[in-house]
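Notes for the structure review
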Amino acid sequence: MTEPTFKITLAQLNPTVGDVAGNAAKARAARDRAKADGADLVVLPELFVTGYPPEDLVLKPAFQAACRAAIEQLARESAGGGPAMLIGTPWVEDGKLYNACALLDQGRIAALRFKANLPNYGVFDEKRLFARGPASGPVTVKGVRVGVPICEDIWLEESEEYENVVECLAETGAEILVVPNGSPYARDKNDVRLSVAVARVTESGLPMVYLNQVGGQDELVFDGASFALNADLSVAAQLPAFDESIVTLNWSRGAGGWRCTGPVAPLIEGDKADYAACVLGLRDYVRKNGFPGVLLGVSGGIDSALCAAIAVDALGAERVRGVMLPFRFTAQVSLDDAARLAKALGFAYEVLPIADAVNGFEKILSKPFAGLPRDITEENLQARTRGTLLMAISNKTGAMVVTTGNKSEMSVGYATIYGDMNGGFNPIKDIYKTEVFRLSSLRNQWKPDGALGPAGEVIPVNIITRPPTAELRENQTDQDSLPPYDILDAILERLVEREEPLAAIIAAGFPAEVVTRIDRLLNVAEYKRRQAAPGVKVTEKNFGRDRRYPITNRFRDDGKALTEPDDGLVARAGRASAEAFEG
């Protein structure tokens, strides 16, 4: 006797938030592809019709109505035969807004399932947007009972607030679990997802399909990397990361239940995955916001070099423009390295000396500055001149300015607000300086699939090996103001990602005076970070969505709150400590 079979098409696609018609068209094309494959069911990611995350846009009644109309139209189109469609959408029911999945089949909305467990941590704030749905039973597709837990419904916590949705589905007769997700990329996230899926499969005894969206949305990057597990925990299918993919999985039912076979694509991990995330994040930010291209200040330093490589890989050299803005402190080696970088990557490049502008500003300011010594103000004036010129070119051409500060600089305020912090998007905002060095060396040996830049050595080795410098005064290096980057980044990772107490960091062997100073700089730079451009999230705790500290904040990790402003709080009012231009 022939074993029963079932075909599920996974549509790992890249929606655009707010583009209801465009997202519905993508879903329609995926259904056509699934029909050609003879599929019984095509599955799209969480809230696909809105794009994810829709944030407060989903509270707008007109937007809710547009989403509902699109779902109803897709449902009507299913009347002509072919696969059923499972698609994520917001849904208003009895005056409540739900994060829902709609099953569309035979010309109608055959079933709705609502997300029961709403995440409210890190980048997620769904509790303020959606009502909690009930833990419901499976939906039936072509005689097969399919359980539909939505994303957080499988990320269980020991809490009375959480419903054990998978347990409910197993008890009510589900045969296969299909999980639509909007799970953003973070370093080593694949291992975390797989361990969660393994736990749910082990508990339920049911095979699972884990479908994730792909693409960039503001600071978030969704890496796809969808997969399927059989009930014996074997990997039945693996879709690629950072790329759209439509794959049909073949299922057969034997004595032990349903079993799946499908393609298993290799996944990139570690530094390669971080680099690919930066490329995809920049590409989609530019594409989805309609910019014709980008421009960036090219200093001959490593941060701008890495950003240039990312930009060319994301957009192609013809859509990238580099501008060198030298002053009298700019070394010839910086000019030479910047020119070599532009030639290796193939992007348009020009040199615009800024001496006339800086001297002009100093002349204008000579009266208000009379009797005051030269200090960091004049250094920052160089950076702000550069920022003004880049924004003027952006204003004239429509190209977006890529800002190039790394996470180390963003952490301690080693950047000039309204200067080198100017720009629309920062692909390395969540990359520490030590990682910038690693990714630059990596890019000279490898590039991700689909990258539009050339292969081989694209970042001159001298840029990687030369000591970093802001070149705002003679013979300046970053280490004049900061500890060595390997020490700085190790301390910052403990302060930012782990939230470790100062005492624990000092006990781990770091000098007490260095740890205390870095913690102070981290705190007083919050006002700068609040005004910084958005940038790709790659760590578990980025600045912005994950780490949201108050700007006005006198608490210090010594057990006491400050009763008087410290020197950092005073300095940031005008002469912010450690301000510089680099990248």
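For the structure itself, look to the data block above.
What counts and what doesn't
Residues numbered from 1 in each chain as written. Predicted model: local features only at pLDDT ≥ 70, side-chain atom pairs only at ≥ 80, totals over all residues. Heavy atoms only, no water. Helix = DSSP H or I, 4+ residues; strand = E, 2+ residues; numbered from the N terminus. Pairing = 2+ DSSP bridges. Axes fitted to C-alpha atoms, helices over the stretch in contact; angles between N-to-C directions. Contact = heavy atoms within 4.5 Å. Buried < 20%, exposed > 50% of the residue type's maximum accessible area, 1.4 Å probe, protein only. Right-handed = clockwise from strand over helix to strand, strands pointing away. Salt bridge = Lys/Arg side-chain N within 4 Å of Asp/Glu carboxyl O. Disulfide = S-S within 2.5 Å. Expected span 1.5 Å × (residues − 1). Core = buried A, V, L, I, M, F, W, Y, C linked by side-chain atoms within 4.5 Å. Phe/Tyr/Trp six-rings, centres within 6.5 Å; stacked < 30°, edge-to-face > 60°.

Brief notes about the environment of Ala 504
Looking at where Ala 504 falls in the secondary structure, it is placed in helix α14 (residues 502-507). Sequence separation between Ala 504 and Arg 494 is ten residues; the distance between their C-alpha atoms is 9.3 Å.

Observations regarding the sheet that holds strand β4 (residues 96-105)
Whether parallel or antiparallel, the strands of a sheet pair through hydrogen bonds between backbone atoms. Strand order across the open sheet formed by seven strands is β5-β4-β3-β2-β1-β14-β15, with mixed pairing between neighbours. Single-partner strands in this sheet number two, and they are β5 (108-114) and β15 (257-261). Averaged over all pairs of adjacent strands, the angle between their axes in this sheet comes to 35°, without regard to strand direction. Two strands pair when backbone bridges link them, and strand β14 (residues 245-254) and β15 are joined in this way by five bridges, in the antiparallel orientation. Bridge pairing links Ser 252 to Arg 259 in β15. Packed on one face of the sheet, helix α2 (residues 61-77) meets β3 (84-93), β4 and β5 and runs near 150° to β3.

As for the pairing of strand β16 (residues 294-297)
Side-chain alternation along β16 places Val 294 and Leu 296 on one buried face and Leu 295 and Gly 297 on a second face that is also buried. Taken together, the four bridges between β16 and strand β17 (residues 320-324) define a ladder with parallel strand orientation. Residue Gly 297 lies in a different strand from β17, and its bridge partner there is Val 323. For the crossover that starts at β16, traverses helix α6 (residues 302-315) and ends in the parallel β17, the hand is right-handed. Both β16 and strand β19 (residues 400-401) contribute to a ladder of two bridges, which runs parallel.

A word on the pattern of salt bridges
Following the criterion strictly, the structure yields 31 salt bridges and no others. Here Glu 435 ties to Arg 187 by a salt bridge, and the two come within 3.2 Å at their closest N and O atoms. In this pair, Glu 435 sits in helix α11 (residues 433-443) while Arg 187 sits in the loop between β8 (176-181) and α4 (189-204), placing the two residues 248 residues apart along the sequence. The exposure class assigned to Arg 187 is partly exposed, which follows from its relative accessible area of 23%. Residue Glu 500 pairs with Arg 498 through a salt bridge whose shortest N-O separation is 3.1 Å. You can call Arg 498 partly exposed: its relative accessible area is 44%. Linked by salt bridges that have partners in common, Glu 493, Arg 494, Arg 498 and Glu 500 make up one network.

Looking at the state of the cysteines
Following the criterion strictly, the structure yields zero disulfides and no others. Residue Cys 67 stays outside any disulfide, its sulfur separated by 13 Å from that of Cys 101, the closest cysteine. No disulfide involves Cys 260; its nearest neighbouring cysteine sulfur is the one of Cys 101, lying 19 Å away. For Cys 260, a relative accessible area of 3% gives the class buried.

Considerations on the side chain of Glu 219
On the secondary structure map, Glu 219 appears in the loop between β10 (214-217) and β11 (220-223). Ignoring sequence-local partners within four residues, the contact set of Glu 219 consists of Lys 429, Pro 534, Gly 535, Val 536, Lys 537, Asn 542, Phe 543 and Arg 545.

Observations regarding helix α13 (residues 485-497)
Taking 1.5 Å per residue, 13 residues should reach 18 Å; α13 reaches 17 Å between its end C-alpha atoms and fits that length. Against α10 (407-412), α11, α14 and α15 (512-524) lie the buried residues of α13. Downstream of α13 by a residue or two, Glu 499 has a phi angle that is positive, lying close to 55°.

Quick word on the nonpolar core
Membership of the largest hydrophobic core comes to 53 residues, with the highest contact counts inside it found for Phe 242, Leu 282, Leu 341, Phe 347 and Ile 459. Broken down by secondary-structure element, the contributors of at least two residues to this core are α5 (270-288), β16, α6, β17, α7 (332-345), α11 and α12 (461-465). If one sorts the elements of this core by residue count, α6 sits on top with eleven residues. Once residues lying within four places of it in the same chain are set aside, the contact partners of Ile 459 are Ala 305, Leu 306, Ala 309, Leu 341, Ser 440, Asn 444 and Ile 464.

Comments concerning the packing of aromatic side chains
In the structure shown here, the tally under the stated rule is eight aromatic pairs. For the ring pair Phe 327 and Phe 329, a centre distance of 5.8 Å and an interplane angle of 70° mean the geometry is edge-to-face. Both residues of the pair, Phe 327 and Phe 329, count as buried.

A closer look at the sheet that holds β17
A sheet is described by the order of its strands in space; here four strands give the open sequence β18-β17-β16-β19, paired in parallel fashion. Strands at the two margins of the open sheet, each flanked by one partner only, are β18 (348-351) and β19. Packing against the sheet, α7 makes contact with β17 and β18, and its axis sits at approximately 160° to β18.

As for unusual backbone geometry
For residues besides glycine, phi is generally negative; the peptide bonds are generally trans as well. In this structure, the amide linkage connecting Tyr 52 to the following residue, Pro 53, adopts the cis form with an omega of -5°. Unusually for a residue other than glycine, Asp 218 sits at a positive phi of about 55°. Topologically, Asp 218 is positioned in the loop between β10 and β11. A relative accessible area of 32% means that Asp 218 is categorised as partly exposed. Despite not being glycine, Tyr 418 has its phi angle at roughly 65°, a positive value. Along the polypeptide, Tyr 418 turns up in the loop between α10 and α11.

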